[in-house]
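Architecture and fold: a report
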Amino acid sequence: SSQRLFEVAYTRSPLRYTVIGYPNLFNAVRRTDLLAYYREKYVPNNVFYVVVGDVEAAAIVQQIQQAYARSRARPLPPEVLPQEPRQTAPREILEEAPIELGHLHIAWHIPDARHPDLPALEVLATILGQGRSSRLYQQVREKQKLVTSIEAWTYTTSQPGLFGLSATRSEERRV
């Protein structure tokens, strides 16, 4: 799965963990843990609102100001994320499972979202593997009939991201 890809591609970065979390961690969280997290993070200087629609802006601002009237801004502890070490050799994992489609993910580390090369990588991913007219779709899926689906993609954040290829293949597509 793509979750396993991130677990293999990153060894120290929090990007190796799924955004939605893991059931065993949720099951271990106590009420006191949630309250401590809330008290630490949910302060006026760490909250933002997005309001859309046909609203009375002044009324919304007043409502938010009233909600935070007794709350004071306070310094937040610094968020220090571990630096991902440079990858010096390929990493791979092969998993077998009773599923109907085989999944393949290949990825390369790329710079963070602020790097000037990122737009070129986004264009490359689009040309290679976005949509039915893409090079990979036309060559690997339509002409060679090796896969059921194929795409190229970029995953970009404020930390170094990934450029990847993903494909699925059914049993009857064997060559």
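Residues numbered from 1 in each chain as written. Predicted model: local features only at pLDDT ≥ 70, side-chain atom pairs only at ≥ 80, totals over all residues. Heavy atoms only, no water.

**Quick notes on the overall build of the protein chain**
Heads up, the condition is: Each helix is a run of H or I in the DSSP string that is no shorter than four residues. Each strand is a run of E no shorter than two, and both are numbered from the N terminus. Here the globule rule reads 2.2 Å times residues to the power 0.38, and the radius of gyration is calculated from C-alpha atoms.
Looking only at helices and strands, one finds six helices and three strands in the protein chain. For the protein chain, the succession of helices and strands along the chain, N to C, is α-α-α-α-β-α-α-β-β. Scaling as 2.2 N^0.38, a compact globule of 175 residues should have a C-alpha radius of gyration of about 16 Å, whereas the protein chain reaches 22 Å, well beyond that. The principal-axis extents of the C-alpha atoms in the protein chain amount to approximately 70 × 40 × 35 Å.

**Brief notes about a nonpolar patch on the surface**
Stated precisely, the cut-off is as follows: Patches in this entry comprise residues that are over 30% relatively accessible and not in a salt bridge; like charges within 9 Å are linked, as are nonpolar side chains (Val, Leu, Ile, Met, Phe, Trp, Tyr) within 5 Å. Per-residue and other accessible areas follow the Shrake-Rupley method at a 1.4 Å probe size, with only the shown protein chains counted as cover for residues. Salt bridge, as used here, is a side-chain nitrogen of Lys or Arg placed within 4 Å of a carboxyl oxygen of Asp or Glu. In this scheme, a residue with accessible area under 20% of its type's maximum is buried, one over 50% is exposed, and one in between is partly exposed, where area comes from a 1.4 Å probe on protein chains only.
Nonpolar side chains collect at one region of the surface, where Tyr-37, Tyr-38 and Tyr-42 lie side by side and expose about 380 Å² of accessible area between them. Its location among the elements puts Tyr-37 in helix H3 (residues 31-41). By relative accessible area, Tyr-37 is classed as partly exposed at 49%.

**Describing the layout of surface pockets**
Put simply, the test is: A cavity here means a set of 1 Å grid points, computed over protein atoms only, where a 1.4 Å probe fits but cannot escape. A pocket is an open set with protein on both sides within 12 Å along at least 5 of 7 lines, and lining residues have an atom within 4 Å of a point. Grid points are joined across faces, edges and corners, and a volume is the space filled by probe spheres set on the points. Charged means Asp, Glu, Lys or Arg here, nonpolar means Ala, Val, Leu, Ile, Met, Phe, Trp, Tyr, Cys or Pro, and polar covers whatever is left, Gly included.
Quantified by volume, the largest pocket comes out at close to 1,100 Å³. Every residue lining the largest pocket is counted, 33 residues in all, and those nearest its centre are Ile-93, Leu-94, His-103, Leu-104 and His-105. Elements with a minimum of two residues in the lining of the largest pocket: helix H1 (2-9), strand S1 (101-110) and strand S3 (161-170). The element that contributes the greatest number of residues to the lining of the largest pocket is S1, accounting for nine residues. Residues belonging to the lining of the largest pocket are distributed by class as follows: 16 nonpolar, eight polar and nine charged. Space inside the second largest pocket adds up to approximately 150 Å³. What lines the second largest pocket is Ser-2, Gln-3, Phe-6, Leu-15, Arg-16, Tyr-17, Thr-18, Val-19 and Tyr-155. It is H1 that provides the largest number of residues to the lining of the second largest pocket, a total of three residues.

**Topic: the packing of aromatic side chains**
Stated formally: For this analysis, a ring pair means two rings from Phe, Tyr or Trp (six-membered ring only for Trp) whose centres lie within 6.5 Å, classed as stacked if their planes differ by under 30 degrees, edge-to-face if by over 60, and tilted for the remaining angles.
Going through the model one piece at a time under the given rule, you end up with six aromatic pairs. Seen from their ring centres, Phe-6 and Tyr-10 are 6.1 Å apart, and the 25 degrees between their planes marks the pair as stacked. The two residues Phe-6 and Tyr-10 agree in class, both being buried. Geometrically, the ring pair formed by Tyr-49 and Tyr-68 is edge-to-face, given 6.3 Å between the ring centres and 70 degrees between the ring planes. With a gap of 19 residues between them, Tyr-49 in the loop between H3 and helix H4 (57-67) and Tyr-68 in the loop between H4 and S1 connect regions that are remote in the sequence. According to the relative accessible area criterion, Tyr-49 is partly exposed, its value standing at 48%.

Purely geometric stuff here, so don't read any function into it on its own.
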